[in-house]
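# Fold and geometry: a report
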Amino acid sequence: MLGGKGGVGKTSMAASLALRWCDQGHPTLVVSTDPAHSLSDSLAQDVSGGSPVEVEGTDGMLYGMEVDPIEAREEFRRVMRKDDGKGMQDFMGSFGLGGLAKQLEELKLGELLDTPPPGFDEVVALSRVFKFLEDEKYRRFTRIIFDTAPTGHTLRLLSLPDFIDVGIGKLFKLRRIVGKITGAIKGFFGGQNEVDPAEQQLENLKRRLEKVREVFHDPVNSEFMIVCIPTVMAINESRRLLHSLNKEGVPVHTLVINQMVPPNKAEQFFNMRRKDQERSIAILREDPELKSLYIIQAPLLDLEVRGVGALQYFGDQVWKTEEAHLDEMLQGKERKYFFVSGKGGVGKTSLSSSLALEFAKEGHQTLLVSTDPAHSLSDSLAEFVGGGKPVPVAGTDLPIFGMEIDPEEAADNFKAFVGQSKRVGKILDNLGSFSAELKELKLGELLETAPPGLDEAVAIARVIDFAESEDYARFSRIVIDTAPTGHTLRLLTLPEFLDASLEKILSLRKKVASASSTIQSLFGVSPEEQQEAIKSLESLQRQVRMVGDLFRNVDATEFIIATIPTSMATSESSRLAKTLHKEGIPLKRIVVNQTVSEDNAETFYNMKRNDQERSMDIVRKDTDLNKLTIIQAELLDLEVRGVPGLRYFGGQVWKDE
């Protein structure tokens, strides 16, 4: 498994390693689990569709596969539905538990799982890889490479099997228990002596998810390789990723440092980079999803942009150009939100920070927020702004505050909201008063494991709450540095998932609250506690709906796409724009970052070499990173695409020694 900060070349590394192995006689499968796929772009061949595809020019030794998240989501829904097509929700609403059950039936609690949580598709799709490997046709693979999504997404992927397993385990057990309660229920599921097909499907899915978890933690047959580039921010993110992987018990032995600038090749590198850039920008100007946007070109600077001074200098180069139409963004004193999103590694954090500083310079009270689980805002500002509350940005008198949302704290806040000191769990668990067997289910546990991706939605809800509070009502511009593309796309669907979940929980709460005192006593919760919990849940639901509404508010919101001048990044930007347009998300601007000019080749080259040496010094001194095998990959003067290019690149990186 190859993972790391976005934009460091994970896909090129994965594809080149796959070719290296297949050339050494290993039948190999390379799989992309990133929702924003670029494996087809890297191989210069379509490997989408969710099934292994033979890669041309490898004599059948290499297959590629991009998991299909839409098909994975549909597979889950098919598992949840019975043959009559009414869905698992009808089954869960037919407990056969008497008068109260008739009220509960109206809730159709199964709809909670008819809308799977964002990120679920990735784990199901990943589990489908192992399903393919059980097929005789694909058992011959001796090497399997996973090109994972950027850092924050990968960390969520590690936690998702546990989250899903709780839910599927409860459903599986519930189906069996209900089958034992009455003959009527048994008949409903096809008779006493028949095997329930839905139960079998749930068992198969659960087994595959367990396989995903096992593979991630198998020290004998699996390894996670961290890929990074020689910049301070990328190295720091790699350190955090390594810490999380070690904590999760995931085996890590190798650090690959990509894009190392070679000595004595300044002019050659620069000329080839310019030609590739011109081709990419030409594609961008003709793309049907992108050509209608304001296209802003931001220069590739000769030093990493860190600290307020550097960010202000960078911002002047980007946002004060005629193409940026900064005056439009400055108009009006009412509050406006700007979400900066795009492929990992394109400089979203620097662009977000510099835009926030431009707003502040023009007199707007500005809040700069990071909702990316793999934060780099503190690195960008060269000061700590974590802790989950707005912090005045030091080094300037401008009216600007910075804020990183702690993802773990956000998830804990959700549990506190839903559980209200675990009272919701207490209610659901006490449904077992109707049956000792049902009580064993401890249904409240379903609410104790927050869905991956929830932290970012809660983070944005907290930003809205801060902005609406009396202390922070003065903010008229809020800039949000989002997670990489695939993560952003999931964030767009998360409010819908949470809203459906909370609606069901609230309905259950209200029915119990309106029941007789005898029923309330049965649940072990007083009317006052019920009302308190209902108010908390309604507050969270209001926040979730605000996030969904905010995304589509053309008067208060704008998404800005950040990209770089490469064909793969341009392709990903086009897919993101298409999704944003389809979802009705306001989009006006695209920033092409890291563009190079003809007059600063030598200066840029020398400064890059110096910055690289400082970054490598951090690696050498870090007690955790320096325990790993460190592979250095040279920065090539052209984008690596297609089997011949990947073979050449792999020969430079994956040497036998």
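In this text the structure is predicted, and so the values were computed from the model without any measurement.

### Here we look at the overall build of the protein
- A tally of helices and strands in the protein yields 26 helices and 16 strands.
- Counting every position in the protein, which comprises 657 residues, the buried fraction comes to 58%.
- Sequence-distant contacts, at least 24 apart, represent 80% of the contacts inside the protein between residues at least 6 apart.
- Taken as a whole, the protein presents about 26800 Å² of accessible surface, with 48% of it coming from carbon and sulfur.

### Focus: the packing of helix 13 (residues 308–319) against helix 15 (residues 348–361)
- Packing of helix 13 against helix 15 leaves a shortest axis separation of 8 Å and a crossing angle of 85°. Regarding the angle of helix 13 to helix 15, the classification is roughly perpendicular. When helix 13 is examined against helix 15, the residues Val308, Leu311, Gln312, Phe314, Gly315, Asp316, Val318 and Trp319 are found in contact with a partner set consisting of Ser350, Leu351, Ser353, Ser354, Leu355, Leu357, Glu358 and Lys361.
- Among the residues forming the contact of helix 13 with helix 15, the class breakdown is 8 nonpolar, 5 polar and 3 charged.

### So, the sheet that holds strand 11 (residues 391–392)
- Strand order in this open sheet of 8 strands is 8-15-14-9-13-10-12-11, and the pairing throughout is mixed. Edge positions in the sheet fall to strand 8 (294–299) and strand 11, since each of these pairs with one other strand and no more.
- Sheet analysis places strand 14 (residues 557–563) next to strand 15 (residues 587–595), joined by 5 bridges and oriented parallel. Its bridge partner lying in strand 15, threonine 563 is registered against valine 592.
- Set on the sheet, helix 12 (residues 266–286) makes contact with strand 8, strand 14 and strand 15; between it and strand 15 the angle comes to about 170°.
- Sheet contacts for helix 15: strand 9 (336–342), strand 10 (366–370), strand 12 (400–404), strand 13 (477–481), strand 14 and strand 15; angle to strand 13, the most-contacted strand, approximately 170°.

### Some points on the pairing of strand 7 (residues 252–260)
- The buried fraction of strand 7 is high, at 7 of 9 residues.
- Pairing analysis gives 5 bridges linking strand 6 (residues 224–228) to strand 7, with the strands arranged parallel. Note on strand 7: the bridge partner recorded for cysteine 228 is isoleucine 257.
- For the crossover from strand 6 across helix 11 (residues 232–248) to strand 7, the handedness is right-handed.
- Strand direction decides the pairing type here: strand 7 and strand 16 (residues 629–634), joined by 5 bridges, are parallel. Across the sheet, isoleucine 257 pairs through a bridge with glutamine 632, a residue of strand 16.

### Regarding the packing of helix 11 against helix 25 (residues 601–621)
- Packing of helix 11 against helix 25 leaves a shortest axis separation of 9 Å and a crossing angle of 20°. Of the possible angle classes, the one that applies to helix 11 and helix 25 is roughly parallel. Remark: the crossing between helix 11 and helix 25 carries right-handed chirality. For the pair helix 11 and helix 25, the contacting residues are Val232, Ile235 and Arg239 in the first and Ser615, Ile618 and Val619 in the second.

### What to know about the pairing of strand 10
- Burial runs high along strand 10: 5 of the 5 residues are buried.
- Burial along strand 10 is two-sided: the residues Thr366, Leu368 and Ser370 and Leu367 and Val369 are all buried.
- Strand direction decides the pairing type here: strand 10 and strand 12, joined by 5 bridges, are parallel. The partner of threonine 366 across the bridge, within strand 12, is isoleucine 400.
- Where strand 10 lies against strand 13, 5 bridges are found, and the strand directions are parallel. Along strand 13, the bridge assignment pairs threonine 366 with arginine 477.

### Points about the confidence of the model for the protein
- On average, residues of the protein score 75 in pLDDT, and 64% of them are at 70 or above.
- Taking the mean pLDDT of every element in the protein, the minimum, 37, falls on helix 4 (residues 88–92) and the maximum, 95, on helix 15.
- Here residues 181–194 scores under 50 on pLDDT; set against residues more than four positions off or in separate chains, the count is 16 contacts.
- Predicted confidence for residues 420–449 stays below pLDDT 50, and this span has 70 contacts to residues more than four positions away or in other chains.

### Some thoughts on the environment of glutamate 267
- Relative to the assigned elements, glutamate 267 resides in helix 12.
- According to the relative accessible area criterion, glutamate 267 is exposed, its value standing at 61%.
- Here the alpha-carbon distance between glutamate 267 and aspartate 637, two residues 370 residues apart in the chain, equals 10.0 Å.

### Comments concerning the pattern of salt bridges
- Taken as a whole and assessed by the stated rule, the structure comprises 16 salt bridges.
- Taking the shortest distance from any N to any O, the salt bridge between lysine 320 and aspartate 316 comes out at 3.7 Å.
- Residue lysine 320 is classed as partly exposed on the basis of its relative accessible area of 48%.
- In this structure aspartate 316 comes out as partly exposed when scored by relative accessible area, which is 31%.
- Measuring nitrogen to oxygen at the nearest pair gives 2.7 Å for the salt bridge that ties arginine 552 to glutamate 583. Highlighted residues: arginine 552 in the loop between helix 23 (527–551) and strand 14 and glutamate 583 in helix 24 (residues 567–583), separated in sequence by 31 residues.

### What to know about helix 26 (residues 642–653)
- End to end, helix 26 covers 16 Å across 12 residues, agreeing with the expected 16 Å (1.5 Å per residue, within 8%).
- Every buried residue belonging to helix 26 is among Gly642, Val643, Leu646, Phe649, Gly650 and Val653, and all of these are buried. Projected down its long axis, helix 26 shows its buried positions confined to an angular sector of 130°, all on one face. Relative to its buried face, helix 26 has exposed residues pointing more than 90 degrees away, namely Pro644 and Tyr648.
- Close packing links the buried residues of helix 26 with helix 1 (10–23), helix 2 (39–43), strand 7 and strand 16.

### Focus: the nonpolar core
- Judged by nonpolar contacts, the single largest core of 34 residues is most densely connected at Val318, Trp319, Met329, Leu355, Phe359 and Val591.
- For this core, the elements supplying multiple residues, two or more each, are strand 8, helix 13, helix 14 (326–330), strand 9, helix 15, helix 16 (377–381) and strand 14.
- The element contributing the most residues to this core is helix 15, with 6 residues.
- In this structure, leucine 355 is in contact with Trp319, Leu326, Met329, Phe338 and Ile560, ignoring residues within four places of it in sequence.
- Core analysis: the second largest hydrophobic core is formed by 33 residues, Leu367, Leu580, Leu587 and Val592 among them.

### Observations concerning the packing of aromatic side chains
- Counted by the stated rule, this structure contains 6 aromatic pairs.
- Taking 5.6 Å as the distance between ring centres and 70° as the angle between the ring planes, the aromatic pair formed by tyrosine 63 and phenylalanine 141 counts as edge-to-face. With tyrosine 63 in strand 4 (residues 62–66) and phenylalanine 141 in the loop between helix 7 (120–134) and strand 5 (143–147), this pair connects stretches of sequence that are 78 residues apart.
- A centroid spacing of 6.0 Å and a plane angle of 70° characterise the contact between phenylalanine 551 and phenylalanine 559, whose relative ring orientation is edge-to-face. Pair check on accessibility: phenylalanine 551 and phenylalanine 559 agree, each one buried.
- Members of the aromatic cluster, joined through ring pairs, are Phe339, Phe551 and Phe559.
- The ring of tryptophan 21 has arginine 143 lying over it, and the distance from NZ or CZ to the ring centre is 5.5 Å.
- Positioned over the ring face of phenylalanine 475 is arginine 474, at 5.1 Å from the centre of the ring.

What counts and what doesn't
Residues numbered from 1 in each chain as written. Predicted model: local features only at pLDDT ≥ 70, side-chain atom pairs only at ≥ 80, totals over all residues. Heavy atoms only, no water. Helix = DSSP H or I, 4+ residues; strand = E, 2+ residues; numbered from the N terminus. Buried < 20%, exposed > 50% of the residue type's maximum accessible area, 1.4 Å probe, protein only. Contact = heavy atoms within 4.5 Å. Areas by Shrake-Rupley, 256 points an atom, 1.4 Å probe, with all protein chains shown as cover. Axes fitted to C-alpha atoms, helices over the stretch in contact; angles between N-to-C directions. Parallel < 35°, antiparallel > 145°, perpendicular 65-115°, else oblique. Nonpolar A, V, L, I, M, F, W, Y, C, P; charged D, E, K, R; others polar. Pairing = 2+ DSSP bridges. Right-handed = clockwise from strand over helix to strand, strands pointing away. Left-handed = near helix turned anticlockwise from the far one by under 90°. pLDDT = per-residue confidence, 0-100. Salt bridge = Lys/Arg side-chain N within 4 Å of Asp/Glu carboxyl O. Expected span 1.5 Å × (residues − 1). Arc of directions from axis to C-beta. Core = buried A, V, L, I, M, F, W, Y, C linked by side-chain atoms within 4.5 Å. Phe/Tyr/Trp six-rings, centres within 6.5 Å; stacked < 30°, edge-to-face > 60°. Lys NZ or Arg CZ within 6 Å of the ring centre and 35° of its normal.

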